[in-house]
Amino acid sequence: MAAARTTARTPTLTARAAALAAALALVGPTPATAAETTGPEPVSACWSNTGPYQRELEAHLRRPVDGTESVADCLAIRSFQWKNGVRPADGYAGVDTYRMMLVVAARPNPNARGDCPVEEERVTCVDLDRQLLWVQEDDRIVFPVVPIRTGRDTDETRRGRHEIYWRSKDHKSTLYNNAPMPYAQFFDGGQAIHARSDYLYAHGGSGGCVNLAEPDAVKLWNLLTEGDTVYVWGTKPGTDD
């Protein structure tokens, strides 16, 4: 989970108004009026603390990279969150926003480095470095890039070329106290691609499986079948293997 936030010191009304006016000139209009109650906070409330991925978001959004949240940074990050479905859209550069940033950056050409083999048949590509998954067939992306959670340190997801050998839609884990593993597609020695209904990025990683948000896991279940290739490479950040 993202680190706990502390309460920022509130600037004076005059200073705040001037800062907001300058910020709006830099980043343009905020989301639609309906978002005032259903999405991001009103413009006047966009004063977030510095997040753990502040520099990465600043660079991606072409903001000055100083690692410190400003009103303009907050507005730019909040606009990115709102556009890409990150909630709450509060301008905080936390793990959810950073992981979506990696997805957005990869979308134009996720296999630009050629790490995942390009073949006539479907290949499910599992990038441990960026914690991303997509499916390609020839040079076409047939399942778009989505964020994933792979094995934590000492329980890393096994790299290499694998094959889906068993699928179990309502699977319960025999290793982890009957923990639910919906839409499980097993590819190597008990490791599977499956849905995680709870917070995707919790606990530093899985026990070796490749976890997806449930809507993504459902779509992937409907696409793949036994015998399909799964290719895993890279190293999950924070692991030694």
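It should be emphasised that the depicted structure is a prediction, and the values quoted were computed from it without experimental measurement.

Asker: Can you help me understand the environment of Ala 89 in this one?
Answerer: Within the secondary structure, Ala 89 sits in the loop between helix H4 (71–83) and helix H5 (95–106). Given a relative accessible area of 5%, Ala 89 falls into the buried group. The spacing of Ala 89 and Ser 79 is 10 residues in sequence and 7.6 Å in space, taken between C-alpha atoms.

Asker: Just checking my understanding: could you explain the pattern of salt bridges for this structure?
Answerer: Applying the stated rule across the entire model yields 9 salt bridges. Between Glu 119 and Arg 161 there is a salt bridge, with its nearest N and O atoms 2.8 Å apart. One end of the pair, Glu 119, is in the loop between H5 and strand S1 (122–127); the other, Arg 161, is in strand S4 (residues 160–163), with 42 residues separating them in the sequence. Two residues, Asp 127 and Arg 130, come together in a salt bridge whose shortest N-O distance is 2.7 Å. Given a relative accessible area of 21%, Arg 130 falls into the partly exposed group.

Parameters at a glance
- Residues numbered from 1 in each chain as written.
- Predicted model: local features only at pLDDT ≥ 70, side-chain atom pairs only at ≥ 80, totals over all residues.
- Heavy atoms only, no water.
- Helix = DSSP H or I, 4+ residues; strand = E, 2+ residues; numbered from the N terminus.
- Buried < 20%, exposed > 50% of the residue type's maximum accessible area, 1.4 Å probe, protein only.
- Salt bridge = Lys/Arg side-chain N within 4 Å of Asp/Glu carboxyl O.

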